[in-house]
Amino acid sequence: MKLWGGRFTEQPNIKAWEFNASIGFDQRLAKQDIRASIAWAKALARANVLTDIEQQNICNSLTQIEEEFEKATFQIIASDEDIHTAVERRLFELIGSDAGKLHTGRSRNDQVSTDFRMWLMEQIQQIDQALEGVQKVMITRAEKDIGIIMPGYTHLQRAMPILISHWWLSHFWPLQRDRQRLFQLYQRTAYLPLGSAALAGTTIPVDRRMLSAELGFQQPAPNSIDAVSDRDFAVEFLFCSALIGIHMSKLSEAVILYTSREFNFFKLGDAFTTGSSLMPQKKNPDLFELVRGKSGTLLGYLTGLMATLKGLPSTYDKDLQEDKVPVFNAVDTLLALLPLVGDAVDGLKLKPEVMLAAIDPSMMATNLADYLVGKGIPFRQAHHLIGEVVLMANNRGVGLTELRTKDYQKISELFESDLYALLDPKISVERHNVFGGTSTQAVEHQIKHAKEEIISITYNNQETKGEKS
Ligand code: ARG
């Protein structure tokens, strides 16, 4: 049974048919397709297109079809072009020709976008949960590891001592922004296309507002032409997922570096490493490498769909069928990867003594400049003077703590013996006590802040909308 055979005289080319069909992947939209059809049948009944009996008959059978999908007993057959066709074909099998009334006033163009949006709105919430899971790991690590000092890097060169808790939380906030972005995307996705029909809107007087509320949307899409072709939600989702990928990649890259023998700051838990088939001594951070690798794939999904959309004219074109696979893949990738990253980070062992030993006093030279600033020297000049201190130490082949107070005083008389305290990593860390800084007090405050923020995103999905509480 095809949905559109009336004007055709020849059989379709089998290969072309298979090429055209999307049932292989869009059956993932079965639940949404059926729920949208149930709501549509009710809207048709309200518009007096279906009798109450017909409507109930259709809805009961649709519910049965939904159960068949849930139990995986639904049989897809070769002539099912896509999920919409498959459901309608099955409805015919169950109730006969009344099934043909369901598609009144609708097109697969508004149907597919409706289903896809409904599906994505559910998945956004799943991904939000998964992101929150990783955020919680970061908070737990920050609390557990408080007091442990590590070298902080810029340009991958040793820069300044920081608390590792501060570093863990530096991976918390990007995820908070990801969650906010997804939340906003949810709002933009929640426009109902149904009622737009092929492109011009339906002739049936359906109440699209009521339909929208019934299906968990926030409002009907305001322009039928836009509604059937708009895939911004898919693009935006792929952007969100690419960026989440980048955030995970950044974390992974650091873990890969820090677990290498050269850094030796972290030790990977056995449960999250893999051996080498050749070299018996190897313990590889494959998981983090794959996460880094998959972030490239996620970016590819985004550029792929944008390239597809770029050449399209207005309204529905079959190219749009290409929207689903990248989004499905991105969702699957994120839902697999995020909990694993959380667990693997949770299982990392730290080597505080190695991290501390990697901090040399020159990393605190800026503290000495600030010291002179405290004594009235303009920062630029202080910076220059400390440069001279570093040069003197380098020329003698010693560290900053090995120069004597007298040596310092040759460069500036303002130096006194209290300068050495500033070259102590612990003291250095505690002096960075600004909001958002790395001191224990600032980081403890940040942990509290993070705990407040983490709960601020909630989806109130009881029918109509996701609301920020
Ligand atoms: N399988 C199609 C898709 O995913 C459904 C919409 C088809 N519409 C049409 N007019 N052929 O985009």
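Predicted model only: the values in this text are computed from it and were never measured.

1. Description of the pairing of strand 2 (residues 157-163)
- Where strand 1 (residues 149-154) and strand 2 come together, 6 bridges link them in antiparallel fashion. Its bridge partner lying in strand 2, Thr154 is registered against Gln157.
- What sits between strand 1 and strand 2 in their antiparallel hairpin is a turn of 2 residues, with His155 showing a positive phi close to 55 degrees.

2. Some details on the site of the ligand
- For the ligand, the full set of nearby residues is Ser22, Asp26, Asp82, His84, Arg108, Asn109, Val112, Tyr316, Gln321 and Lys324.
- Between the ligand and the protein, one listed contact pairs a nitrogen atom with a side-chain N or O atom of Ser22 at 3.0 Å.
- At a separation of 2.5 Å, an oxygen atom of the ligand approaches a polar side-chain atom of Tyr316.
- Surface burial for the ligand is 86%, taken as the share of its 340 Å² of free accessible area covered by protein chains.
- With 3 residues, the single largest contributor to the shell around the ligand is helix 6 (residues 108-144).
- Per-class residue counts for the shell around the ligand are 2 nonpolar, 4 polar and 4 charged.

3. A few points about the confidence of the model for the chain
- The predicted model of the chain averages 95 in pLDDT, with 97% of residues at 70 or higher.
- When the criterion is pLDDT under 50, residues 462-469 qualifies, and its contacts beyond four places in sequence or with other chains add up to 28 contacts.

4. Quick notes on the packing of helix 8 (residues 173-189) against helix 19 (residues 440-454)
- Running from N to C, helix 8 and helix 19 cross one another at 20 degrees; their axes reach a closest spacing of 11 Å. On the basis of the axis angle, helix 8 is roughly parallel to helix 19. Crossing handedness for the pair helix 8 and helix 19: left-handed. For the pair formed by helix 8 and helix 19, the contact residues are Trp173, Gln176, Arg179 and Gln180 on the first element and Gln446, His449, Ala450, Glu453 and Ile454 on the second.
- A per-class count over the contact of helix 8 with helix 19 returns 3 nonpolar, 4 polar and 2 charged.

5. Overview of unusual backbone geometry
- A positive phi angle, close to 60 degrees, is found at Asn48, a residue other than glycine.
- Considering the arrangement of structural elements, one finds Asn48 in the loop between helix 3 (30-46) and helix 4 (52-70).
- Here Asn48 falls in the exposed class, since its relative accessible area comes to 70%.
- Phi angles above zero are rare outside glycine, and Ala72 is one such case at about 60 degrees.
- Its location among the elements puts Ala72 in the loop between helix 4 and helix 5 (83-95).
- Owing to a relative accessible area of 67%, Ala72 belongs among the exposed residues under this scheme.

6. Quick word on the packing of aromatic side chains
- A complete count under the given rule lists 20 aromatic pairs for this structure.
- Arranged with centres 4.8 Å apart and planes meeting at 70 degrees, the rings of Trp119 and Phe328 form a pair that is edge-to-face. Separated by 209 residues along the polypeptide, Trp119 in helix 6 and Phe328 in helix 13 (residues 324-346) bring together distant segments of the chain.
- Ring geometry for Phe172 against Trp173: centres 4.8 Å apart, planes inclined by 80 degrees, an arrangement best described as edge-to-face.

7. Brief notes about helix 3
- When the terminal C-alpha atoms of helix 3 are compared, their 24 Å separation across 17 residues agrees well with the 24 Å that a helix rising 1.5 Å per residue should span.
- At the C-terminal side of helix 3, Asn48 shows a positive phi close to 60 degrees.

8. Concerning the side chain of Gln123
- By the secondary structure assignment, Gln123 is in helix 6.
- Overall, the relative accessible area of 13% leaves Gln123 in the buried class.

9. What to know about the nonpolar core
- In this structure, Trp167, Trp168, Leu182, Phe237, Phe266 and Leu338 are the most contacted members of the largest nonpolar core, which totals 134 residues.
- Non-local contacts of Trp168, meaning those with residues more than four positions away in its chain, are made with Met138, Arg141, Ala142, Asp145, Phe266, Val345, Leu348 and Leu350.

10. Focus: the pattern of salt bridges
- Taken as a whole and judged by the stated rule, the model has 32 salt bridges.
- In this structure, Arg90 engages Glu68 in a salt bridge whose closest nitrogen and oxygen atoms are separated by 2.9 Å. With Arg90 in helix 5 and Glu68 in helix 4, the pair connects residues that are 22 residues apart, well separated along the chain. One exposure class covers both Arg90 and Glu68, and it is buried.

11. Re the packing of helix 6 against helix 13
- One way to put it is that helix 6 packs onto helix 13 with a least axis distance of 9 Å and a crossing angle of 15 degrees. Overall, the two elements helix 6 and helix 13 adopt an arrangement that is roughly parallel. Two packed elements cross with a definite hand, and for helix 6 against helix 13 that hand is left-handed.
- Of the residues belonging to the contact of helix 6 with helix 13, the class tally is 17 nonpolar, 3 polar and 4 charged.

12. Quick word on the environment of Leu169
- Structurally, Leu169 is set in helix 7 (residues 164-169).
- The exposure class of Leu169 is buried, given its relative accessible area of 0%.
- The spacing of Leu169 and Thr315 is 146 residues in sequence and 45 Å in space, taken between C-alpha atoms.
- If we ignore the near neighbours within four places in the chain, the residues touching Leu169 are Met138, Ile139, Ala142, Val443, Gln446, Ile447 and Ala450.

Parameters and conventions
- Residues numbered from 1 in each chain as written.
- Predicted model: local features only at pLDDT ≥ 70, side-chain atom pairs only at ≥ 80, totals over all residues.
- Heavy atoms only, no water.
- Pairing = 2+ DSSP bridges.
- Helix = DSSP H or I, 4+ residues; strand = E, 2+ residues; numbered from the N terminus.
- Near = heavy atom within 4 Å.
- Polar contact = N/O pair within 3.5 Å; in protein donor to acceptor, adjacent residues only side chain to side chain.
- Areas by Shrake-Rupley, 256 points an atom, 1.4 Å probe, with all protein chains shown as cover.
- Nonpolar A, V, L, I, M, F, W, Y, C, P; charged D, E, K, R; others polar.
- pLDDT = per-residue confidence, 0-100.
- Contact = heavy atoms within 4.5 Å.
- Axes fitted to C-alpha atoms, helices over the stretch in contact; angles between N-to-C directions.
- Parallel < 35°, antiparallel > 145°, perpendicular 65-115°, else oblique.
- Left-handed = near helix turned anticlockwise from the far one by under 90°.
- Buried < 20%, exposed > 50% of the residue type's maximum accessible area, 1.4 Å probe, protein only.
- Phe/Tyr/Trp six-rings, centres within 6.5 Å; stacked < 30°, edge-to-face > 60°.
- Expected span 1.5 Å × (residues − 1).
- Core = buried A, V, L, I, M, F, W, Y, C linked by side-chain atoms within 4.5 Å.
- Salt bridge = Lys/Arg side-chain N within 4 Å of Asp/Glu carboxyl O.

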